[in-house]
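Descriptive analysis of the structure
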2 protein chains.
Amino acid sequence: MAKRLHALAAHFRPPPVPTTQPHLHELDPAYFLPRAAAIEPAAIAIVHCDRSGATVQRDYFTEADRARRLAAYFKRRYTDGTKIGILAPNTPMFFELIFGIAGSGRIQAAFNYRLSPVEIRTVVELSAVDVVFVDIDCLDLLKRALGEDFPNLELVVDLDSEREEDLRDFRAAGHKNQTYGELMASTGLDKTPFDKLHFEDQPENNVFALAFTSGTTGKPKAVEYTHRGMYMAAIAGLTESECNHTDKGCRYLWTLPMFHAVGWSYPFAVTAVRGTHVCLRKIDYTLIWHYLTSGQGITHYNAAPTVNIQICEHPNATRLPERVLVTVAASPPSPSLLKRMISLNLIPVHVYGLTETYGPITRCYFLPEWRAHDDDLQFKKMSRQGHGFLTAQKARVVKPSLADKGELVDVERNGKELGEVIVRGNTCMKGYHGDEQATQKVFAGGWLHTGDLAVWHPDGALEVMDRNKDIIISGGENISSVGVENVISAHPDVVEVAVVGVPDKVYGERPKALIILRASGIAKDPATLKTELIKFARGRLGGFEVPREIDFVNELPKTSTGKIKKNELRNAERLKFELAQKALATTSG
Amino acid sequence: MAKRLHALAAHFRPPPVPTTQPHLHELDPAYFLPRAAAIEPAAIAIVHCDRSGATVQRDYFTEADRARRLAAYFKRRYTDGTKIGILAPNTPMFFELIFGIAGSGRIQAAFNYRLSPVEIRTVVELSAVDVVFVDIDCLDLLKRALGEDFPNLELVVDLDSEREEDLRDFRAAGHKNQTYGELMASTGLDKTPFDKLHFEDQPENNVFALAFTSGTTGKPKAVEYTHRGMYMAAIAGLTESECNHTDKGCRYLWTLPMFHAVGWSYPFAVTAVRGTHVCLRKIDYTLIWHYLTSGQGITHYNAAPTVNIQICEHPNATRLPERVLVTVAASPPSPSLLKRMISLNLIPVHVYGLTETYGPITRCYFLPEWRAHDDDLQFKKMSRQGHGFLTAQKARVVKPSLADKGELVDVERNGKELGEVIVRGNTCMKGYHGDEQATQKVFAGGWLHTGDLAVWHPDGALEVMDRNKDIIISGGENISSVGVENVISAHPDVVEVAVVGVPDKVYGERPKALIILRASGIAKDPATLKTELIKFARGRLGGFEVPREIDFVNELPKTSTGKIKKNELRNAERLKFELAQKALATTSG
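Residues numbered from 1 in each chain as written. Chains lettered and ligands numbered in written order. Predicted model: local features only at pLDDT ≥ 70, side-chain atom pairs only at ≥ 80, totals over all residues. Heavy atoms only, no water.

Bringing the overall build of chain A into the picture now. Per the secondary structure count, chain A includes 21 helices and 26 strands. The C-alpha atoms of chain A give 25 Å as radius of gyration, which agrees with the globular expectation for 589 residues (25 Å, within 12%). Looking at chain A as a whole, 62% of its 589 residues are labelled buried. If you take every contact in chain A between residues at least 6 apart in sequence, the share linking residues at least 24 apart comes to 68%. Across chain A, the centroid of the 70 positively charged side chains sits 1 Å from that of the 71 negatively charged ones. (Helix = DSSP H or I, 4+ residues; strand = E, 2+ residues; numbered from the N terminus. Rg over C-alpha atoms; globule rule 2.2 N^0.38 Å. Buried < 20%, exposed > 50% of the residue type's maximum accessible area, 1.4 Å probe, protein only. Contact = heavy atoms within 4.5 Å. Lys, Arg positive; Asp, Glu negative; His and termini not counted. Charge placed at Lys NZ, Arg CZ, Asp CG, Glu CD.)

Dropping the structure here:
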């Protein structure tokens, strides 16, 4: 090992520096990988069950070496600033590309493999990638998306298997593309002089990644991430999620897709403390519980509330002997979910953010005095989005009507006045790629406008009530769909609930609840249960907030990050309403 | 509280921003204080036993408010970049000044109160301060230092007491100076418009503090710290020392003087996680054990090896039920000290750094595989200085003869070849204040030259063997004084040992040991014990490394940070040698 280590250290040696000021050093989170390899080369960086069913386990020396070889390859093959696409689940290739691309000064653009071919085509065009690294399971999707229209787009296919027969089958199927395995095999150390093989310092305000918004409010946008921004996000993530317990270590389970906001910065945060990345090719709740309960020592995972609901509801769910820290974000978790998670020793680190903020930018900080509250109040406080993150600036809530014009006037801190959340600081994006107009709009007045509506509590914590487009306006009153959901999800028969505004001839809109039931609820008479649920809600909400209509459903449409697609639900309800109106007109006519 | 909080939040509201890019935000660790107050205003920021014996305990709201008022006062009274001196032990005033000065864009210059009047005069002149905030206990020292020569230098005196009689006594003694209490009382909110009362953003590469080198190698130099550098140091400190355990909280005992390297960044690191600063006016080992054992929940302290030796040797020393994390630096700790600390549940976070690096810049990362080693090897590995810190770049060891010319050639990684430690990254100083020549010299080749000699081990960890000037050259062989000390300190009769080179007519120099004994050793016959110690060393060192001369002493001269002043010991030995030579010459003549 000593000899290999020495060789590695030589490759990562920084280049001669012209400046005489050693402190002028660019912030770059890619450095965490060679650093981890230098400190603890034998620490396990990644564990993965590949497509052939074999377990891949590689140490930090190996992963740093592979990323370095990729970086050298990218520098040889592509010009500075070339965009490199990724379409893959959470695999070692994805992890290595994140570092290899960042370390080479090229730009990664990771696509969501749950998008439709049309949507994939949109993000491929938007990012103008020269090459896409694609997992074999995503190849069909990509080919359907591209058609015959991108003849010069290079594809590198990851078979995610080291079995020879898998490569043979791939060729037998007529595929001509280079595979990721072949590419890695061709990037030997011998091909490039030693002193070229380090991660070169990149200007910290250069873009290193494009991340795509999930598109709940329209066409996805390409968000520009800088090296510096990601560095500050990663440092905050590792501190806020307490990845740095040296006595416990950090074994991070990759339930969150890496393609979303570069995994909320956790590829870098976990690597900064030489933690182990435990990959998951897909969200499989049985597998998640297997990892949590089979002595694998999982200490952390990140997931949206909807994913956590499924984890908590799973038949294998059991209280864990050691706490697991769970960073929860993407949509507001209900107090009942937080309570259920804690009962299983899944300790929520409740954060809030956007693709535009590298993931988390606020956190609900638990205050010791809350322990004196009863459960209801305690969990209600824990479900608020709180205050600016460690490396972020203060988040504010401002009057929405003025905010659009860039006039930023704080709402009252009374827990009632609804305003828009705006944020600032290093972990805000550089801008929307190639869309100066949208950038100017979202940065009105020098703050990033989140489009999320919130109240500001007297203690300074903010609480997100809704996406701007999800708020229900009924008879001139604002109804927070999240607020109604939080109440209904506390009912023992309810697994998950989405509340959306449906058209109403009198009130303009009124709330409707779509509910996934627990077995206990399914066993009941639907009409009786609906009456019971409405009564339950009436005791806890203002009269105008209580949904008069309830549908029991088997599933809810969700984005890849687990946000409920309320626009889809709303559109479906609107369509139903229009059809009913037409039918009515026809009948009347 | 709600009303007060709202008012505070208004004061700290960032000013209108001309830029449209919210991510372009200057890094400033001063922000951690208003942030802490916004999140958890009632959290205890500081606990202090003042000079009158009263306990002062203030929450984050109050401390943020006081620092903000100071910042506003400084902005009114002094021009941008004015230097503000501090001569005080660890008190709330010191803590508040650190933030108030940084937040105002002025520059702090904290002096070591253990310096002589002549030395104090040197640092006052070097920093060109307009005002000095001085603790009443340091006032005589300062006045002796200044004499009649600084008629325009303003003094603000901290009585560190709220008793009226103490102010009366102060006036009765003829003092005319404003007191800190009076100043704070005059900085009311009503005096300045609300919207001026925030910490304004400062350009991150501006200097915010001058820190003085401890002067073990000559006249002290004024080291320039930037806002950005301190931010990166603080973030690293809080992560490496695990101040962010939300379940344990952070109660930091201020054994380390705040004047040294701005407390190694811990005023900011602890504040970033809303920890409690427990002040100590002086190092008092009985008091330290009182804090550690009386249910005060101390979780962290930082101290040099010599201070830790005294803590471990104290009659009240006892194994603590909960671990306390101890950041150890300033000189290399011996393996036996690390072992003794762990036996008391004082868990060392062993770091290495300089005033020029904001304190720590490398850390000995404990590797799980070391658990398989026997104690001797495990503690020996733990006593190495390791690898670059979280936010630092890789530390290197280079050939010293070439290093001076800026030619940076790595030594072999064989654990044997001696070289100079050089470092780079954001946590390197901006330069020596007003000394371009010294700055150019220490930055030769674009790296900061530490002047410390080390070996580089095959696993990439570095181990400091000596200060450049402390290395003993005997018959052409290098002897590491630290290496010899580590061996002798493992002897059960030894509390502490310093090894220095003394003149030798044959070998040029030879090692001599000055030893403080335990009671067990004092009880023995000195001549027999010396023979025993030499035999003990002979079994563990090369023959030329064994000191042939040993003195038993009651104390060793130390700097304020606990470094043994080897230059003093060396000079004394040289003087003795010369006198002996003269006497010999006289006798012969």
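There is more to say, and it comes next.
All names here are of chain A. What the four strands build is an open sheet, ordered 17-18-20-21; its pairing is antiparallel. Edge strands, defined here as strands with exactly one partner in the open sheet, are strand 17 (396–398) and strand 21 (462–467). Ignoring strand direction, the axes of neighbouring strands in this sheet form an average angle of 50°. Sheet topology note: the strand 20 (residues 448–456)/strand 21 ladder contains five bridges and is antiparallel. Bridged to leucine 453 within strand 21 is aspartate 466. (Pairing = 2+ DSSP bridges. Axes fitted to C-alpha atoms, helices over the stretch in contact; angles between N-to-C directions.)

Moving on: the side chain of B:Gln378. Residue and element names in this part refer to chain B. Secondary-structure assignment places glutamine 378 in helix 15 (residues 375–382). Among the residues examined, glutamine 378 registers a relative accessible area of 14% and is labelled buried. Residues in contact with glutamine 378, not counting those within four places in the same chain, are Phe366, Trp370, Arg371 and His373.

Moving on, we come to the environment of A:Arg371. Residue and element names in this part refer to chain A. Residue placement: arginine 371 occurs in the loop between strand 15 (359–363) and helix 15 (375–382). You can call arginine 371 exposed: its relative accessible area is 58%. Other than its neighbours up to four places away in sequence, arginine 371 contacts Phe366 and Gln378.

All names here are of chain B. Under the definition given, this model contains 94 salt bridges over all chains. As a salt-bridge pair, glutamate 40 and arginine 274 come within 2.5 Å of each other at their nearest N and O atoms. Remark: arginine 274 occurs in the loop between helix 11 (266–272) and strand 11 (276–278) and glutamate 40 occurs in the loop between helix 2 (32–39) and strand 1 (44–49); sequence separation between them is 234 residues. Here the two residues glutamate 40 and arginine 274 agree in accessibility, since each one is buried. As a salt-bridge pair, glutamate 165 and arginine 163 come within 3.8 Å of each other at their nearest N and O atoms. (Salt bridge = Lys/Arg side-chain N within 4 Å of Asp/Glu carboxyl O.)

What follows concerns the packing of aromatic side chains. The final tally for this structure, using the stated rule, is 28 aromatic pairs over all chains. Taken together through their ring pairs, the aromatic side chains of A:Tyr73, A:Phe74, A:Tyr78, A:Phe133 and A:Tyr180 make up a single cluster. The ring of A:Tyr432 has A:Lys221 sitting right over it, with the charged end atom 5.1 Å from the ring centre. Here the guanidinium or amino end of B:Arg396 rests over the ring plane of B:Trp447, the centre of that ring lying 4.8 Å away. (Phe/Tyr/Trp six-rings, centres within 6.5 Å; stacked < 30°, edge-to-face > 60°. Lys NZ or Arg CZ within 6 Å of the ring centre and 35° of its normal.)

With that settled, the discussion passes to the relation of the copies chain B and chain A. Turning chain B through 180° and shifting it by 0.0 Å along the axis lays it on chain A, with an RMSD of 0.1 Å. The relationship between the two copies is best expressed as a two-fold rotation axis. Considering only C-alpha atoms, the residue of chain B closest to the rotation axis is B:Thr239, which sits at 3.2 Å. Comparing contact sets, 99% of the residues at the interface of chain B also lie at the interface in chain A, consistent with an isologous, same-surface contact. (Least-squares fit on C-alpha atoms with pLDDT ≥ 70 in both.)

On to the interface of chain B and chain A, then. Chain B puts 70 residues into the contact, and the matching count from chain A is 69 residues. Interface area lost by chain B to chain A is led by B:Pro22, B:His23 and B:Arg424, which between them contribute 11%. Put simply, chain B and chain A have four salt bridges between them. Where B:Glu240 meets A:Arg35, a salt bridge forms, and the shortest distance between an N and an O atom there is 3.6 Å. Elements supplying a minimum of two residues to the side of chain B that touches chain A: helix 1 (2–11), helix 2, helix 9 (227–240) and strand 16 (387–388) of chain B. The biggest single contributor to the side of chain B that touches chain A is helix 9 of chain B, with seven residues. (Buried area = accessible area lost by both parts, 1.4 Å probe.)

Once that is clear, we can look at the sheet that holds strand 24 (residues 494–504) of chain A. Residue and element names in this part refer to chain A. Judged by pairing direction, the sheet is mixed, and its three strands sit side by side in the order 24-25-26 without closing on themselves. Of all the strands in the sheet, just strand 24 and strand 26 (549–552) have a single pairing partner and so form its edges. Across this sheet, the average inter-strand angle for adjacent strands is 25°, counted without regard to direction. Sheet topology note: the strand 25 (residues 508–517)/strand 26 ladder contains four bridges and is parallel. Its bridge partner lying in strand 26, alanine 513 is registered against isoleucine 550. Across the sheet, helix 18 (residues 481–488) touches strand 24 and strand 25, and the angle it forms with strand 24 is around 140°.

In short, shape yes, function no, at least from these values alone.
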